[in-house]
Amino acid sequence: MKLIRGPRPLAIRVFAAAFLSAALLRLVRGLGDLPLAQLVYALHLPWDGWNRDWTIVALSAEFTIALIPLAWIYLFAAPFARWLVLGFGALRLAFLDPAALAGALLVAVAMASLLTPQAARWFARTPQPGEEDGPAVFE
């Protein structure tokens, strides 16, 4: 993957802002009420070792994992990351918890911005001269 240079379309900037905001909101909400986050993890992930430390590690890991497709889309215009975000975002919205409505709305905005014509042009972008993928040719 090559780093894409130049300005990002508005749709990609909206996606990045909404997706990052949703991930930060989840992290801050979880860190703000660690006993509740610990309970949620204990209910969804069968392991009897959940404590405050492991809950903080899990929340931090979720945040870091959310940054990976964000970087793929924003920095590299990777089309597979678009579908990855759309798929997991649809799953999140399908199992919507009313307490997480603000985060779900941000995810919905992020998903919608990936389906705009601007985003389609971003993912279909052809490399500029000097940005070709693959090994250099030596004569």
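Just above, that's the structure.
My aim in this report is to walk through the structure given alongside it, one point at a time. (Residues numbered from 1 in each chain as written. Predicted model: local features only at pLDDT ≥ 70, side-chain atom pairs only at ≥ 80, totals over all residues. Heavy atoms only, no water.)

1. Some words on the nonpolar core
With 32 residues, the main nonpolar core has I12, F15, F19, I73, L114 and F123 as its most contacted residues. Of all the secondary structure elements, the ones that give two or more residues to this core are α1 (10–32), α2 (34–44), α3 (52–76), α4 (79–94), α5 (101–113) and α6 (117–123). At nine residues, the largest contribution of residues to this core is made by α1. Sequence-distant contacts of I73, that is, excluding residues within four places in its chain, are made with I12, F15, A78, A81, R82, V85, L114, W122 and F123. (Core = buried A, V, L, I, M, F, W, Y, C linked by side-chain atoms within 4.5 Å. Buried < 20%, exposed > 50% of the residue type's maximum accessible area, 1.4 Å probe, protein only. Helix = DSSP H or I, 4+ residues; strand = E, 2+ residues; numbered from the N terminus. Contact = heavy atoms within 4.5 Å.)

2. Brief notes about a nonpolar patch on the surface
Together, L36, L39, V40 and L43 give the surface a local cluster of nonpolar side chains, amounting to about 370 Å² of exposed area. Position of L43 relative to the elements: it lies in helix α2. The class for L43 is exposed, based on a relative accessible area of 65%. (Patch = residues over 30% accessible without salt bridge, like charges linked within 9 Å, V, L, I, M, F, W, Y side chains within 5 Å. Areas by Shrake-Rupley, 256 points an atom, 1.4 Å probe, with all protein chains shown as cover. Salt bridge = Lys/Arg side-chain N within 4 Å of Asp/Glu carboxyl O.)

3. Here's the deal with the packing of aromatic side chains
Taken as a whole and judged by the stated rule, the model has five aromatic pairs. Taking the centre distance of 4.9 Å and the plane angle of 15° together, the rings of Y41 and W50 count as stacked. W50 matches Y41 in its accessibility class, with the two residues each being buried. Ring centres 5.6 Å apart and planes at 80° place the aromatic pair W47 and W54 in the edge-to-face group. By relative accessible area, W47 is classed as partly exposed at 40%. Three or more aromatic residues link up through ring pairs in this structure, and these residues are Y41, W47, W50 and W54. (Phe/Tyr/Trp six-rings, centres within 6.5 Å; stacked < 30°, edge-to-face > 60°.)

4. Some words on the pattern of salt bridges
Summed over all chains, the structure comprises one salt bridge. One salt bridge connects E62 with R26, and the closest N-O pair in it is separated by 2.5 Å. A residue pair is termed long-range when its members are at least 10 positions apart, and E62 in helix α3 and R26 in helix α1 qualify at 36 residues. A relative accessible area of 29% places E62 in the partly exposed class.

5. Here we look at the packing of α4 against α5
Helix-helix packing is described using two parameters, namely the angle between the two axes and the distance between the axes. Interaxial distance between α4 and α5 falls to 10 Å at its minimum, and their mutual angle equals 150°. Regarding the angle of α4 to α5, the classification is roughly antiparallel. Between α4 and α5 lies a crossing whose hand is left-handed. Listed contacts from α5 to V85, L86, G89, A90, R92 and L93 of α4 are G103, A104, V107, A108 and M111. Taken together, the residues of the contact of α4 with α5 sort by class into eight nonpolar, two polar and one charged. (Axes fitted to C-alpha atoms, helices over the stretch in contact; angles between N-to-C directions. Parallel < 35°, antiparallel > 145°, perpendicular 65-115°, else oblique. Left-handed = near helix turned anticlockwise from the far one by under 90°. Nonpolar A, V, L, I, M, F, W, Y, C, P; charged D, E, K, R; others polar.)

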